[in-house]
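Each chain, written out:
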Amino acid sequence: MPEFEDFFKNDDNFLIINGPAGTGKTSLISKSIKECEKLNLKYEAVAYTGKAASNLRSKCDGTGKTIHNFLYTFASKPKPSGEGYGKDWILDFSDLDILFIDECSMLSTQVPGFKVNGEKTYLFLEILEALKSRKIKKIMLLGDSHQLPPIYKEENKKEDEDTEEIEDNLAENLFPDSMNELFLKNEFGLKGKTINLDTNWRYQEDFQAYKLSIQLRQHITIKNSFVSSPKKWITPKVDKNKLTGDENKVIEWVAERGSENTFNNIRILTFTNDKADEWNRKLRRFLGKIDKDTGDVEGITTGEPMMNLYNKEYSKFYNGDSFAIKEFIDKPYSLQGDSNCERHQACIRESVSRPYELFVQKANISLFNEDGNEEKTVSLVSKGVKANDEKTKKAYHLRVWCDFATRNDNLYKKQKDPSEEDVLEWNEKRNNDEIYGTGIACYAYASTVHKTQGDSFEYVVIDLEDEDRNLKWLYTALTRTTVDFLLYGKKSFSDWF
């Protein structure tokens, strides 16, 4: 591939590598890193999601981080008054010869990062500005242009209130601007090209899900649109034994295939978090994890599929990491502090209701990546949450923070009017605190397709009742399975022909 080899030595700013799942894009990053080392080039590899970053590290000998972790540092900053120091996000990243960005379909100029100096920043725009200023000399953008575009958070002021409303937005462009050669050239004056990969290294050529995904990819390209019904597209193309409107059949199909492998070989794929939570509850009830009479829910247990929801640098445990608990270690630790804490400004400022008592449990886990399992020891909040339950996630996270502040009261008091040394000491101690590094997890018998980008499973159930206008959603779902799949819908499938 001459274009690929030339990129390391020519004067191009970017190279886009575009190809379906299984064409070796992440493996190409690993090969590129070895080339960088031969040429003595400074490099880094990043991805938008924690899961994709974990896959990078797995395939690239430990290289890989989230794009947020690459761009931003939480650091001390002089206060605007010029007296004393505060804490805030700053843009702080090393000069590089080349930056590799994996799973680029999830990145666009619309996706916001953290606020810096009170102003919004945008992840891909910051990369492009660094490219134009030569702080970063080259970027290699790898992804599948037909997979789901990014979901990003947008803050909108309500007309008559002084509060902010957070909305989920799904980018509607046919292809992401991060993989649009003409956009990068015309809008930013950059120089580069695109390489399209089509050789499949992962799937058997006659594997039905793979063949369907390639047909659908071609359909989206020819129609120049992905807005159409997944049900109507796929139903005439599969055998009747792939279709079911029987919820119990889905549950039994998942239980039969997952029970021998802590369910991390199988996933029910949905469009919304609410639907994923509904399936999670039904599977846990069927497996006896929820009392059928009282509705009482067990806390986190061994042998269940789970997904971490917060990036935790202390234990290298990231948002989107799929895992199963192998065994618990030591007794549960009761978080210090109070559910109605008024000792800390952060606790007073946040009105979210916090649990009176909350425990942290240390555990040995199996972390699941495409290339195999990694054994880790982590701390976990002893209750699972719903993936979309932002209030509960925030409440648990605040209790973990309050515990740290309570245990380090003298250091916390210094933060009221801190010196730069006080801020640095606080950050250093917090970042190296095992309890503060506690993960907060949801159950993962089911999840949204978005949360599985950069992941794969032997078996998937695609809930066609959950989305009826996005062919990219169906395409991405089909690329998640390596062995078999089942399609679910409440309606009679005869209505879809």
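Refer to the structure printed above.
Here is a short report on the structure shown in this document.

Calculation criteria
- Residues numbered from 1 in each chain as written.
- Predicted model: local features only at pLDDT ≥ 70, side-chain atom pairs only at ≥ 80, totals over all residues.
- Heavy atoms only, no water.
- Helix = DSSP H or I, 4+ residues; strand = E, 2+ residues; numbered from the N terminus.
- Buried < 20%, exposed > 50% of the residue type's maximum accessible area, 1.4 Å probe, protein only.
- Lys, Arg positive; Asp, Glu negative; His and termini not counted.
- Salt bridge = Lys/Arg side-chain N within 4 Å of Asp/Glu carboxyl O.
- Polar contact = N/O pair within 3.5 Å; in protein donor to acceptor, adjacent residues only side chain to side chain.
- Contact = heavy atoms within 4.5 Å.
- Axes fitted to C-alpha atoms, helices over the stretch in contact; angles between N-to-C directions.
- Parallel < 35°, antiparallel > 145°, perpendicular 65-115°, else oblique.
- Left-handed = near helix turned anticlockwise from the far one by under 90°.
- Nonpolar A, V, L, I, M, F, W, Y, C, P; charged D, E, K, R; others polar.
- Phe/Tyr/Trp six-rings, centres within 6.5 Å; stacked < 30°, edge-to-face > 60°.
- Lys NZ or Arg CZ within 6 Å of the ring centre and 35° of its normal.
- Pairing = 2+ DSSP bridges.
- Core = buried A, V, L, I, M, F, W, Y, C linked by side-chain atoms within 4.5 Å.
- Expected span 1.5 Å × (residues − 1).

Here we come to the side chain of Arg57. Structurally, Arg57 is set in helix 3 (residues 50–59). There is no salt bridge for the buried Arg57, and the closest opposite charge comes from Asp321, which lies 5.0 Å off by N-O distance. A distance of 3.1 Å separates the side chain of Arg57 from the backbone oxygen of Gly64, its partner in a polar contact. Every residue in contact with Arg57, bar those within four places of it in the chain, is listed here: Gly50, Gly62, Thr63, Gly64, Lys65 and Tyr318.

Moving on: the packing of helix 2 (residues 25–38) against helix 3. At a minimum axis separation of 9 Å, helix 2 and helix 3 run at an interaxial angle of 50 degrees. Taken together, the axis directions place helix 2 and helix 3 in an arrangement best described as oblique. In the packing of helix 2 onto helix 3, the handedness of the crossing is right-handed. The residues of helix 3 that touch helix 2, namely those facing Thr26, Ile29 and Ser30, are Asn55, Leu56 and Lys59. Among the residues making up the contact of helix 2 with helix 3, the classes are represented as two nonpolar, three polar and one charged.

Moving on, we come to the packing of helix 9 (residues 247–258) against helix 10 (residues 273–286). The geometry of a pair of packed helices is captured by two quantities: the angle between their axes and the separation between those axes. Packing of helix 9 against helix 10 brings their axes to within 11 Å, and their N-to-C directions diverge by 70 degrees. Accordingly, the angle class assigned to the pair helix 9 and helix 10 is roughly perpendicular. Taken as a pair, helix 9 and helix 10 cross one another with a handedness that is right-handed. Touching Glu247, Val250, Ile251, Glu252, Val254 and Ala255 of helix 9 are Trp279, Lys282, Leu283 and Phe286, all from helix 10. Residues that form the contact of helix 9 with helix 10 fall into these classes: seven nonpolar, no polar and three charged.

Moving on to the packing of aromatic side chains. Remark: the centre distance and the inter-plane angle together describe each pair of aromatic rings, the angle taken between the planes. Tallied over the full model, the rule gives 19 aromatic pairs. Between the aromatic rings of Tyr203 and Phe207, the centroid separation amounts to 5.9 Å while the plane-to-plane angle is 20 degrees, which identifies the pairing as stacked. The buried category is assigned to Tyr203, whose relative accessible area is 9%. Given a relative accessible area of 12%, Phe207 falls into the buried group. Between the aromatic rings of Trp401 and Tyr412, the centroid separation amounts to 6.2 Å while the plane-to-plane angle is 85 degrees, which identifies the pairing as edge-to-face. Taken together, the residues Trp401 in helix 12 (residues 390–407) and Tyr412 in helix 13 (residues 409–414) connect sequence positions eleven residues apart. Across the pair, exposure class does not vary: Trp401 and Tyr412 are buried alike. Of note, Lys135 hangs over the ring of Phe93, and the distance from its end group to the ring centre comes to 5.1 Å.

Here six strands make up an open sheet; going across it, the order is 3-2-6-7-1-10 and the pairing parallel. Single-partner strands in this sheet number two, and they are strand 3 (65–66) and strand 10 (192–196). Seen against the sheet, helix 2 touches strand 1 (14–18), strand 2 (43–47), strand 6 (98–102) and strand 7 (139–143) and runs at an angle of roughly 170 degrees to strand 6. Across the face of the sheet, helix 3 comes into contact with strand 2, strand 3 and strand 6 while running at roughly 140 degrees to strand 2.

Here we come to the sheet that holds strand 20 (residues 481–488). Reading across from one edge, 11-20-19-12-18 is the order of the five strands in this open sheet, with parallel pairing throughout. Only two strands of the sheet have a single partner each, and these edge strands are strand 11 (243–244) and strand 18 (446–448). This element, helix 10, spans strand 12 (266–270), strand 18, strand 19 (457–463) and strand 20 of the sheet and lies at about 175 degrees to strand 18. Those strands touched by helix 15 (residues 471–478) are strand 12, strand 19 and strand 20, and its axis lies near 155 degrees from that of strand 19.

Core analysis: the largest hydrophobic core is formed by 29 residues, its most contacted members being Leu216, Ile234, Ile462, Leu474, Leu478 and Leu487. Looking at this core, the elements that each hand over two or more residues are helix 7 (208–223), helix 8 (230–234), strand 19, helix 15 and strand 20. Examining the composition of this core, we find that six residues originate from one element, helix 15, more than from any other. Apart from residues lying up to four places away in sequence, Leu216 is in contact with Trp233, Leu471, Leu474, Tyr475 and Leu478.

With that settled, consider the pattern of salt bridges. Evaluated as defined, the whole model comprises 26 salt bridges. Note that Arg284 is salt-bridged to Glu304, the shortest N-O span being 2.9 Å. With Arg284 in helix 10 and Glu304 in the loop between helix 10 and strand 13 (305–308), this residue pair connects regions lying 20 residues apart in the sequence. Glu304 matches Arg284 in its accessibility class, with the two residues each being buried. Residue Glu390 is joined to Lys393 by a salt bridge in which the shortest nitrogen-to-oxygen separation is 3.2 Å. Of the two residues, Glu390 and Lys393 both sit in helix 12, three residues apart, roughly one turn of that helix. Residue classification places Glu390 among the partly exposed positions, given a relative accessible area of 45%. Its relative accessible area of 9% is what places Lys393 among the buried residues. One connected set of salt bridges, linked through shared partners, spans Glu247, Glu278 and Lys282.

For helix 10, which comprises 14 residues, the first-to-last C-alpha distance of 20 Å matches the rise-based estimate of 20 Å (1.5 Å per residue) to within 8%. Within the sequence span of helix 10, burial applies to Lys275, Ala276, Asp277, Trp279, Asn280, Leu283 and Arg284. Next to the buried residues of helix 10 lie helix 9, strand 12, strand 17 (441–443), strand 18, strand 19 and strand 20. Note on helix 10: the residue one or two positions beyond its end, Gly288, has a positive phi of about 85 degrees.

This part covers the pairing of strand 12. Among the five residues of strand 12, five are classified as buried, and the element is accordingly described as predominantly covered. Side-chain alternation along strand 12 places Ile266, Ile268 and Thr270 on one buried face and Arg267 and Leu269 on a second face that is also buried.

Turning our eyes to something else, we now look at the environment of Leu148. Within the secondary structure, Leu148 sits in the loop between strand 7 and strand 8 (151–157). You can call Leu148 buried: its relative accessible area is 0%. When neighbours within four sequence positions are excluded, Leu148 is seen to be in contact with Ser105, Met106, Val449, His450, Gln453, Asn470, Lys472, Trp473 and Thr476.

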